[in-house]
Every structure is written in structure tokens, then in C-alpha cells.
Amino acid sequence: MQIFLNEKPLREFGSQGQQRLTVLSMKLAEMNFIQESTEQYPLLLMDDVMSELDAVKRSLLLDNLKHAQTFITATEREYFSEDFLENTALWTVNNGNIERKA
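Everything numeric in this text was worked out from a predicted model, so none of it was measured. (Residues numbered from 1 in each chain as written. Predicted model: local features only at pLDDT ≥ 70, side-chain atom pairs only at ≥ 80, totals over all residues. Heavy atoms only, no water.)

1. Structural notes on a nonpolar patch on the surface
Definition in use: Each patch is built from residues that are more than 30% exposed by relative accessible area and take part in no salt bridge. Like charges join if they lie within 9 Å; nonpolar side chains (Val, Leu, Ile, Met, Phe, Trp, Tyr) join within 5 Å. Each accessible area is a Shrake-Rupley result for a 1.4 Å probe, and residues are judged covered by the shown protein chains and nothing else. The rule for a salt bridge is simple: a side-chain nitrogen of Lys or Arg has to be within 4 Å of a carboxyl oxygen of Asp or Glu. Numbering of helices and strands runs from the N terminus; a helix is a DSSP stretch of H or I covering at least four residues, while a strand is a stretch of E covering at least two.
On the surface, Leu43, Leu45 and Phe71 cluster together into a nonpolar patch covering about 350 Å² of accessible area. Looking at the secondary structure, you find Leu43 in the loop between helix H2 (16-38) and strand E3 (44-47).

2. As for the environment of Arg77
Take Arg77: it is sitting in the loop between strand E4 (70-73) and helix H4 (82-85). Spatially, the C-alpha atoms of Arg77 and Leu90 are 9.2 Å apart, while their sequence positions differ by 13 residues.

3. As for the pairing of strand E5 (residues 90-94)
So the rule is basically this: Here, any two strands with at least 2 DSSP bridges between them count as paired.
Examined bridge by bridge, E5 and strand E6 (residues 97-101) share five bridges and lie antiparallel to one another. Opposite Asn94, over in E6, you have Asn97 as the bridge partner. Linking E5 back to E6 in an antiparallel pair, the connection comprises two residues, with Asn95 at a positive phi of about 50 degrees.

4. As for the pairing of E3
Threshold: Note on classification: 1.4 Å probe, protein chains only; a residue is buried when its accessible area is under 20% of the maximum for its type, exposed when over 50%, partly exposed between these limits. A right-handed crossover is one whose linking path, passing over the helix from the first strand to the second, runs clockwise when the strands point away from the viewer.
Only one face of E3 is covered, namely the face carrying Leu44 and Met46; the face carrying Leu45 and Asp47 is uncovered. Relative to E4, E3 is paired through four bridges, and the arrangement is parallel. Bridge pairing in E4 places Leu44 opposite Thr70. After leaving E3, the chain enters helix H3 (residues 55-65) and then returns to the sheet as E4, a path that is right-handed.

5. A look at the layout of surface pockets
The criterion, for reference: Grid points spaced at 1 Å and placed over the protein atoms alone form the basis of the search, with a cavity being a set where a 1.4 Å probe fits but cannot get out and a pocket an open set showing protein on both sides within 12 Å along at least five of seven lines. Lining residues have an atom within 4 Å of a point. Grid points are joined across faces, edges and corners, and a volume is the space filled by probe spheres set on the points. Any residue outside Ala, Val, Leu, Ile, Met, Phe, Trp, Tyr, Cys, Pro, Asp, Glu, Lys and Arg is labelled polar, Gly included; the first ten of those are nonpolar and the last four are charged.
Considering only enclosed or pocket space, the largest pocket measures out at about 1,000 Å³ in volume. Taken together, 30 residues line the largest pocket, and the ones lying closest to its centre are Thr70, Phe84, Leu85, Thr88 and Ala89. Counting residues per element, the ones that place at least two in the lining of the largest pocket are H3, E4, H4 and E5. Split by residue class, the lining of the largest pocket holds 14 nonpolar, 10 polar and six charged. What the second largest pocket holds in volume is close to 380 Å³. As for the second largest pocket, its lining consists of 20 residues, of which Val23, Leu24, Lys27, Met46 and Val49 are closest to the centre. If you list the elements that add at least two residues to the lining of the second largest pocket, you get H2 and E3.

These values are about where atoms sit, not about what they do.
In C-alpha cells:
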């Protein structure tokens with residue numbers, strides 16, 4: 001599959017940020033397709049996607065994930081709004097120890 005932006009191949013002419021946002025957009029579209037087809041959300045695994053997004057894009061992503069069961073790894077709790085964390089299990093890893101946070 002080749003994706004174009006302004007009639008140019010994204011892989012060759014798009015910035016790293018544009019390429020990552022495109023992949024993330026495709027993952028969200030895939031999630032919505034599966035949900036519409038099966039009437040169930042798939043389990044999503046997202047590794048450190050928050051650090052690559054600005055605050056506006058993080059907020060948009062979290063809005064799209066609020067109904068899906070998602071495991072997200074991140075280095076900063078501040079990436080997540082308190083509203084999003086309200087019904088979320090939060091775990092931290094410190095010095096090799098895993099702890100559940102309230």
C-alpha cells in the first residue's frame with residue numbers, strides 16, 4: 001500500500017510526524033471498522049504514542065479511545081487528562097517494580 005499526500009508518496013516526502021499520524025489514523029479507522037463489523041471494540045496495544053503527539057492530538061486520540069479497551073505505555077502521566085483517567089487502571093514501573101496507582 002502506498003499513501004500519498006499532495007500527490008507525493010508520504011513515505012518519501014512526508015515528515016516523520018506525518019507518517020506516524022497517518023499510521024495512527026489508519027489504526028483508528030481499523031478499530032472503527034472492526035467495531036462496526038463485530039459490534040465489539042478490539043483490544044488495542046499502543047506503545048509510547050503519546051510522546052509523539054502534541055496536546056491537541058493527544059486529546060483527540062484519547063477521545064477516540066474512550067470506549068475501547070486499550071493498553072497504553074507512556075513515560076508521563078501528564079499526557080492523560082483526569083477525565084480520561086477516571087475509569088482507568090493506572091500502573092507504574094519503578095526500578096523494576098510494578099505498582100497499581102489509585
